[in-house]
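Letter by letter, the chains look like this.
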Amino acid sequence: MERSGIHGILFALAVVVLVLVGVITIGDRWWWLPPLASVHGGQIDNLFTITLAITGSVFVLVHLLLAYFVWRYRERSAEQRAYFYLENRPLEVTYTLIPALVLTGLITAGTRAWFEIQGPPPQNALPIRVIGEQFAWRFQYPGADGQLGRFHPRFVSESNPFGIDPDDPAGRDDIVATELHVPLNRPVVAYIDSKDVLHSFFVPALRVKQDAVPGMTTRFWFVASQVGMYDIPCAELCGQGHYIMRGQMVVESDAAFESWLAQQPTIATMLGLSQ
Ligand SMILES: [Cu+2]
């Protein structure tokens, strides 16, 4: 057999192996999205699937056509000349309009989901402050008044690692924790702050990633839809210990959440203040 023939067979085999590996890992959900635990996350996953289906089919179609044209119009004789034309108006309009329409649809759907997540939370949403620091996450919950006490990095000290203003009466009854617990099926709004450098509050199970910016409070809201324990990695390279900056989010029933909350210390006890 000719050398080029062997190369052709090896190439075809490599393609078959790659396709099989792709189908087994992705088709069998071996290597796919992490578990989903939020209502908005379903919207994000749908967008992801639709985008992948559209771009994936275009990708496959274009490459099949490319392979066909390479084979169909291969050089057969020295006199053969390629057909050349400078422009083709109907073709150009078609291949500009179709992608433009598809992309506009995808971007519109994505923007709507984004504005919903970033937009005003429902009235009854439970506010939780998320505080990023080198290299951990801390969480502040409102007490009976439903209000979060003021936070500022200048209040951070050895005895006040959460940086809550000791003079803000709204903060006295606030509850602090180093693990995030959220009630199932109840809207939660996360107010995200940083004590030092840029971090990124990333909860793959919620399909949300939001920067923690020093001196600025960022926000998003969500409804946890699945009981369980989920990772909160920091998604911003924030220093030498970045790799250990990983918190936990526990989604649990209302009753379990309330009893957990009752066991956590308040700012007043932490700072030795009166309620
Ligand atoms: Cu970080």
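For the structure, see preceding data.
This section reports on the structure supplied with the text. (Residues numbered from 1 in each chain as written. Predicted model: local features only at pLDDT ≥ 70, side-chain atom pairs only at ≥ 80, totals over all residues. Heavy atoms only, no water.)

The reference angle at a metal is 109.5 degrees if four donors form a tetrahedron and 90 or 180 degrees if six donors form an octahedron. Donor atoms from the polypeptide that bind the copper ion are His 199 (ND1), Cys 234 (SG), Cys 238 (SG) and Met 245 (SD), placed at 2.1 to 2.5 Å. Viewed at the metal, the four donor atoms of the copper ion are separated by angles of 91 to 124°, and the geometry they form is tetrahedral. Within one chain, the residues serving as donors to the copper ion are arranged as H-x34-C-x3-C-x6-M. Placement of Cys 234 in the loop between strand E9 (228-233) and strand E10 (246-252) and of Met 245 in the loop between E9 and E10 is noted, with a sequence separation of eleven residues between them. For Met 245, a relative accessible area of 1% translates into the label buried. (Donors = N, O, S within 2.8 Å, 3.2 Å for Na, K, Ca; no water. Tetrahedral: all angles 85-135°; square planar, octahedral: opposite > 155°, others 65-115°. Helix = DSSP H or I, 4+ residues; strand = E, 2+ residues; numbered from the N terminus. Buried < 20%, exposed > 50% of the residue type's maximum accessible area, 1.4 Å probe, protein only.)

To continue, consider the packing of helix H2 (residues 39-72) against helix H3 (residues 89-118). Direction vectors running N to C along H2 and H3 enclose 165°, while the axes themselves pass 10 Å from each other. By the criterion of interaxial angle, the relationship of H2 to H3 is roughly antiparallel. Between H2 and H3 the crossing geometry is left-handed. Facing H2, whose interface residues are His 40, Gln 43, Ile 44, Leu 47, Ile 50, Thr 51 and Ile 54, H3 presents Val 102, Leu 106, Ala 109, Gly 110, Ala 113, Glu 116 and Ile 117. When the residues that make up the contact of H2 with H3 are grouped by side-chain class, the tally is nine nonpolar, four polar and one charged. (Axes fitted to C-alpha atoms, helices over the stretch in contact; angles between N-to-C directions. Parallel < 35°, antiparallel > 145°, perpendicular 65-115°, else oblique. Left-handed = near helix turned anticlockwise from the far one by under 90°. Contact = heavy atoms within 4.5 Å. Nonpolar A, V, L, I, M, F, W, Y, C, P; charged D, E, K, R; others polar.)

Glancing now at the sheet that holds strand E8 (residues 218-223). Across the sheet, which stays open at both edges, the five strands sit in the order E3-E2-E1-E5-E8 with mixed pairing between neighbours. Bordering the open sheet on either side are strand E3 (175-177) and E8, each of which pairs with just one other strand. Each strand of the sheet is rotated relative to its neighbour by a mean of 25°, with strand direction disregarded. Pairing of strand E1 (residues 126-133) with strand E5 (residues 187-194) involves seven bridges; the strand directions are parallel. Note on E5: the bridge partner recorded for Arg 129 is Tyr 191. Its contacts with the sheet put helix H5 (residues 254-262) on E1, strand E2 (136-141) and E3, and the angle it makes with E2 is roughly 100°. (Pairing = 2+ DSSP bridges.)

Attention shifts here to H2. An ideal rise of 1.5 Å per residue puts 50 Å on 34 residues; H2 measures up with 50 Å between its terminal C-alpha atoms. Buried-residue contacts for H2 involve H3 and E8. You can read the cap of H2 off the contacts: a side-chain oxygen lies 2.9 Å from the backbone nitrogen of Gly 41, and it is on Ser 38. (Expected span 1.5 Å × (residues − 1). Polar contact = N/O pair within 3.5 Å; in protein donor to acceptor, adjacent residues only side chain to side chain.)

Right, let's get into the pairing of E10. Most of E10 sits out of view: five of its seven residues are buried. Two elements, strand E4 (residues 180-183) and E10, share four bridges in a ladder whose sense is parallel. Directly across from His 181, in E10, lies its bridge partner Val 250.

Moving on to the packing of aromatic side chains. Any pair of aromatic rings gets described here by the distance separating the centres and the angle formed by the planes. In the structure shown here, the tally under the stated rule is ten aromatic pairs. Consider the rings of Tyr 68 and Phe 69, whose centres lie 5.8 Å apart with planes at 80°: the pair is edge-to-face. The exposure class assigned to Phe 69 is partly exposed, which follows from its relative accessible area of 45%. Cluster of aromatic residues (ring-pair linked, three or more members): Tyr 68, Phe 69, Trp 71 and Tyr 73. Residue placement shows Arg 138 over the ring face of Phe 162; its charged tip is 4.9 Å from the ring centre. One Lys or Arg, Lys 209, reaches over the ring of Phe 202 and ends 4.5 Å from the middle of that ring. (Phe/Tyr/Trp six-rings, centres within 6.5 Å; stacked < 30°, edge-to-face > 60°. Lys NZ or Arg CZ within 6 Å of the ring centre and 35° of its normal.)

This part is about a nonpolar patch on the surface. A cluster of nonpolar side chains, Val 16, Leu 20, Ile 24, Ile 26, Trp 30 and Trp 31, forms an exposed patch at the surface whose accessible area comes to about 710 Å². With respect to the element layout, Trp 31 can be found in the loop between helix H1 (3-27) and H2. (Patch = residues over 30% accessible without salt bridge, like charges linked within 9 Å, V, L, I, M, F, W, Y side chains within 5 Å. Areas by Shrake-Rupley, 256 points an atom, 1.4 Å probe, with all protein chains shown as cover. Salt bridge = Lys/Arg side-chain N within 4 Å of Asp/Glu carboxyl O.)

Cis peptide bonds are those with omega within 30 degrees of zero, and the linkage from Gln 134 to Phe 135 qualifies with 10°. Residues other than glycine seldom take positive phi values, yet Arg 207 does so here, at roughly 60°. Checked against the element boundaries, Arg 207 lands in the loop between strand E6 (199-203) and strand E7 (208-212). When its relative accessible area of 15% is taken as the criterion, Arg 207 is described as buried.

Moving on, we get to the pattern of salt bridges. For side chains of opposite charge, pairing can occur when their charged atoms come near one another. Under the counting rule described, the total for this entry stands at eight salt bridges. In this structure, the salt-bridge partner of Asp 193 is Arg 129, at a minimum N-O distance of 3.0 Å. Separated by 64 residues along the polypeptide, Asp 193 in strand E5 and Arg 129 in strand E1 bring together distant segments of the chain. There is no split in this pair, since Asp 193 and Arg 129 are both buried. A salt bridge links Arg 150 to Asp 165; its shortest N-O distance comes to 2.5 Å. In this pair, Arg 150 is assigned in the loop between E2 and helix H4 (169-172) and Asp 165 in the loop between E2 and H4, connecting sequence segments 15 residues apart. Assessed through its relative accessible area of 45%, Arg 150 is described here as partly exposed. The class of Asp 165 is buried, set by a relative accessible area of 4%. When salt bridges with common partners are traced through the structure, they connect Glu 133, Arg 138 and Lys 195 into a single cluster.

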